[in-house]
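Report on the structure
Residues per chain are reported as follows:
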Amino acid sequence: MNKLIIIYELLSICNSRCSHCLREESPCKEFCSSYDSIISTLDKIQALSSLRDIELKLSGGECTIWRDGNKDLSDIICECAKRNLTFAVVSNGKVFQLFENIDRLFGPFLRNFDTKLKLYLTVDLFHGNYEREENKSTVLDNLSRFIVQNSLQNRFDLFVQSTFTKYDDMNLPVSFIRKYSSMNYKFNINPLLPLGRGKELDYLVPTLKINENDKNTLGAYKKYNYLLGKKMGLWVDYDEYEKIDNWKAFLSFNCCGKTLMIQNGVVYYCMMYVGNDYFRISTIDDFSIDTLERFKKNNKICKIWNSDEPEKKSIKESLHASEYPFGYGVCCICKDCFESSENKS
């Protein structure tokens, strides 16, 4: 079975205000899910897991600040574990700048279950948790100290997600990545997108010039995606990768339909358009794998990515596209297609 990733927003509220945040693209109103509604959703996901390989990502907003009465994220993590769900926590890590918060949120799970906890932390200059002068992150240092002090090296899968720009001095330096890789952190790089507040940072966006094979244009980000694609079995070596047309390389990272969003009791097909009725699949109560497949069959944006290569090329040419951000650039093509169709209607 193909893995389906479900990003579950427990709340819309965040404890940070990042200059590149996509949140402003979402039309959703502020919300904080109740404990009972979360439990009901976890029960639903448990039932779906018998039909499909699902990884649940607890997110927000900022999920580490979620509360409902005397319940907090530690309770939700334990409820996921009780249901044998494959799950992860996605956080900017700011609460872990206070060392005792690590045990408060993760301790109950670690003491009562023997499975691993997967943790995705967003660390970079944009999130304000990378101290550039000292070339360190207090968030990562505290987590490492907690793990070593409690002999928990085999209980965590640790990932660092970092926003990538076209300028090296805005990105995490190699020395930082090497330092924390030695502490068992795995690094993922995501391109800065000109969406939400990021529209004001358009000049920093790493781009892919379609129909050009200029290494200087693609730079370090293309090299990163070469390594990612090699792990995925998309190509064997760099020479083989360089022979691939940029447009085909671009499409090879299309994750459309592999990641769904749950926001305020509703399931959406698209991370970028969460909150938009056009990409609304159903309520979580009415959601099923069949509902998802019917949506994909009938939604015209979905049809674009399920069409054959000539149709995709014609779409690209009709947009007169010369530049899109690499990686999530597929989402930007969808955005242009969607907005174009909206204007016509």
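Before reading on, note that the structure itself is shown above.
Looking only at helices and strands, one finds 12 helices and 13 strands in the chain. Here the chain, with 345 residues, has 51% of them falling under the buried criterion. Looking at the chain alone, contacts between residues at least 24 apart form 71% of all its contacts between residues at least 6 apart. Taken as a whole, the chain presents about 16800 Å² of accessible surface, with 47% of it coming from carbon and sulfur.

Moving on, we get to helix α2 (residues 73-82). Where burial is concerned, most of α2 is hidden: eight out of the 10 residues are buried. Where α2 is concerned, the buried positions are Leu73, Ser74, Ile76, Ile77, Cys78, Glu79, Cys80 and Ala81. Its buried side turned inward, α2 meets α1 (35-48), β2 (54-59), β4 (71-72), β5 (86-91), α3 (100-112) and β6 (117-122). Of the residues trailing α2, Asn84 is marked for its positive phi of about 55°.

Attention shifts here to the side chain of Glu9. Mapped onto the elements of the fold, Glu9 is located in strand β1 (residues 4-9). Here Glu9 falls in the buried class, since its relative accessible area comes to 4%. Side chain to side chain, Glu9 and Gln263 meet in a polar contact 2.9 Å long. Here Glu9 is in contact with Arg23, Phe31, Ser33, Ser59, Gly60, Met261, Ile262 and Gln263, once residues within four sequence places are set aside.

Conventions adopted
Residues numbered from 1 in each chain as written. Predicted model: local features only at pLDDT ≥ 70, side-chain atom pairs only at ≥ 80, totals over all residues. Heavy atoms only, no water. Helix = DSSP H or I, 4+ residues; strand = E, 2+ residues; numbered from the N terminus. Buried < 20%, exposed > 50% of the residue type's maximum accessible area, 1.4 Å probe, protein only. Contact = heavy atoms within 4.5 Å. Areas by Shrake-Rupley, 256 points an atom, 1.4 Å probe, with all protein chains shown as cover. Polar contact = N/O pair within 3.5 Å; in protein donor to acceptor, adjacent residues only side chain to side chain.

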